[in-house]
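# Observations on the model geometry
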Amino acid sequence: YSIAIKLSLKELKFRWHFTKETFKKVTDFAGWNLFGGIANLGKIQGVNIILNLFFGTVVNAAYGLANQINSQLLFFSSSIFQASNSQIIQSYKKNDYNRLGFLVSKSAKTAFIMYLIISMPLLIVTDEVINLWLGEVPMYCSTFVILMLLNSYIELFSSPLMLITQATGRIKKYFITISSVMILILPLSYIALKNGASPYAVLYITIIINLILLGIRLYYVSYNAHFPIAFYVKQVIIPAFAIIILGTIASHYLCMN
């Protein structure tokens with residue numbers, strides 16, 4: 001990119017310049033993002049280890065397969081956020097809160113609808129789709145897939161909120177709080193399975209924790225970026241859940257008939 005710009009814009013010149021204050025801000029920002037990434041990675045791998053510890057490789061393989069299916073579905077909807085990220089950050093930096101609200105609500109709803117369209121058939125006829133793909137349905141896999149889909153619906157609401165928080169630059173307390181709550185999934189899952197819970201307990205706990213994290217993210221964007229919580233709930237979350245309920249009822253009706 002640097003070479004292309006240098007060749008196409010003759011009047012533009014690059015000059016190396018080191019500023020201690022800027023360097024500190026950049027490293028702090030990167031460091032706290034890294035901290036959050038490590039916590040998320042620890043959560044993902046930790047759940048795999050806990051499942052393997054209590055139930056062995058069969059359940060762990062089913063969980064990994066369900067996670068793979070969900071990741072492929074999320075790939076399509078995540079492209080919406082990639083397209084809108086720069087515009088959201090730019091709107092915040094310009095204090096254009098009307099456009100910020102418009103971009104956040106539209107990108108969140110569009111990503112959610114795209115994910116819902118491709119995931120709803122799998123949510124309704126899970127066994128049939130997995131059987132068509134693998135020839136047989138591994139034990140526990142179908143329920144894992146359904147719970148992961150439900151969890152991803154919640155996580156999609158959080159994606160634009162995370163971007164707004166990062167745009168503010170005030171992320172230290174945010175990542176400490178989010179990572180501390182997120183990592184609770186591991187001890188809670190261990191305690192639940194230790195007391196005889198089913199393998200699905202890890203995803204029930206994950207869904208509950210992600211709902212709490214959504215509330216925390218809403219608080220931070222309201223506090224740091226003055227983004228109205230009521231607007232986001234009214235324009236994005238409530239319509240999305242209404243679509244899920246109506247879509248599920250309609251799909252079950254079609255399958256029954």
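Owing to the predicted nature of the structure, the values given are computational and were not obtained by experimental measurement. (Residues numbered from 1 in each chain as written. Predicted model: local features only at pLDDT ≥ 70, side-chain atom pairs only at ≥ 80, totals over all residues. Heavy atoms only, no water.)

## Structural notes on the packing of helix α4 (residues 97–124) against helix α6 (residues 141–168)
Counted only if it meets this: In this analysis, axes come from line fits to C-alpha atoms, helices being fitted only over the stretch in contact, and the angle between any two N-to-C directions falls in the range 0 to 180 degrees. Working definition: helices are DSSP H or I runs of at least four residues, strands are E runs of at least two. Numbering for both runs from the N terminus. Angular relationships are summarised with four words: roughly parallel below 35 degrees, roughly antiparallel beyond 145, roughly perpendicular across 65 to 115, and oblique for the angles in between. Each crossing is labelled by how the near helix is turned from the far one, with a counterclockwise turn of less than a right angle marking it left-handed and a clockwise turn marking it right-handed. Pairs of residues are marked as contacts when any of their non-hydrogen atoms sit within 4.5 Å.
Where α4 meets α6, the closest approach of the two axes is 10 Å, and the angle between their N-to-C directions is 165°. Taken together, the axis directions place α4 and α6 in an arrangement best described as roughly antiparallel. Where α4 crosses over α6, the handedness of that crossing is right-handed. Two secondary-structure elements touch here, α4 through Leu100, Val104, Ala108, Ala111, Phe112, Tyr115, Leu116, Ser119, Met120, Leu122 and Leu123 and α6 through Val145, Ile146, Met148, Leu149, Ser152, Tyr153, Leu156, Phe157, Pro160 and Ile164.

## A look at the packing of helix α7 (residues 172–182) against helix α9 (residues 201–224)
Packing of α7 against α9 brings their axes to within 10 Å, and their N-to-C directions diverge by 170°. As judged from the angle between their axes, α7 and α9 are roughly antiparallel. On the side of α7, the interface is formed by Lys173, Tyr174, Thr177, Ile178, Val181 and Met182, while α9 contributes Ile209, Ile212, Leu213, Ile216, Arg217 and Tyr220.

## Looking at the nonpolar core
Quick note on the threshold: Throughout this description, the term nonpolar core refers to a set of buried Ala, Val, Leu, Ile, Met, Phe, Trp, Tyr and Cys residues connected via side-chain atoms within 4.5 Å. Exposed residues in this analysis have more than 50% of their type's maximum accessible area, buried residues have under 20%, and partly exposed residues fall in between, with area computed by a 1.4 Å probe over protein chains only.
Membership of the largest hydrophobic core comes to 69 residues, with the highest contact counts inside it found for Tyr63, Phe112, Phe144, Val145, Phe157, Ile164 and Tyr232. Of all elements in the fold, only α2 (20–55), α3 (57–93), α4, α6, α7, α8 (185–194), α9 and α10 (229–256) reach the threshold of two or more residues within this core. The leading source of residues in this core is α6, at 14 residues. What Phe144 contacts, discounting residues up to four positions off in sequence, is Val59, Ala62, Tyr63, Ala66, Pro199, Tyr200 and Leu203.

## Section: the packing of aromatic side chains
Put simply, the rule is: Side-chain rings of Phe, Tyr and Trp, where Trp is taken by its six-membered ring, are said to pair if the distance between their centres is within 6.5 Å; with planes under 30 degrees apart they count as stacked, over 60 as edge-to-face, and otherwise as tilted.
In this structure the tally under the stated criterion is 16 aromatic pairs. Note on Phe18 and Phe23: the rings are 5.4 Å apart at their centroids and 50° apart in plane angle, and the pair reads as tilted. Exposure remark for Phe18: the relative accessible area of 61% places this residue in the exposed category. The partly exposed category is assigned to Phe23, whose relative accessible area is 47%. With centroids separated by 5.8 Å and ring planes inclined at 50°, the aromatic side chains of Phe157 and Phe241 adopt a geometry described as tilted.

## Concerning the pattern of salt bridges
Proximity of charged atoms lets side chains of opposite charge pair with each other. Put simply, the rule reads: Each reported salt bridge corresponds to a side-chain nitrogen of Lys or Arg within 4 Å of a carboxyl oxygen of Asp or Glu.
Across all of its chains, the model carries 2 salt bridges by this definition. Between Lys25 and Glu21 there is a salt bridge whose closest N-O contact spans 3.6 Å. With Lys25 and Glu21 both in helix α2 and 4 residues apart, this pair spans about one turn of that helix. Side by side, Lys25 and Glu21 carry an identical accessibility label, which is exposed. A salt bridge links Asp28 to Lys24; its shortest N-O distance comes to 3.0 Å. With a gap of 4 residues between them, Asp28 and Lys24 both fall in helix α2, about one helical turn apart. Taking the relative accessible area as the measure of exposure, Asp28 reaches 34% and is therefore partly exposed.

## Brief notes about α2
Spelled out, the test is: By this rule the span expected of a helix is its residue count minus one, scaled by 1.5 Å.
Under the 1.5 Å per step criterion, the end-to-end length of α2 is 52 Å for 36 residues, consistent within 8% with the ideal 52 Å. Those residues of α2 that fall on the buried side of the exposure criterion are Gly36, Ala39, Lys43, Gly46, Val47, Asn48, Ile50 and Leu51.

## As for the side chain of Ser158
With respect to the helices, strands and loops of the structure, Ser158 is situated in helix α6. Among residues more than four places away in sequence, those in contact with Ser158 are Leu214 and Arg217.

## A look at the side chain of Ser142
Here Ser142 is to be found in helix α6. With residues near it in sequence (within four places) discarded, Ser142 still touches Thr126, Asp127, Ile130 and Val137.

That's the geometry; what it means functionally is another story.
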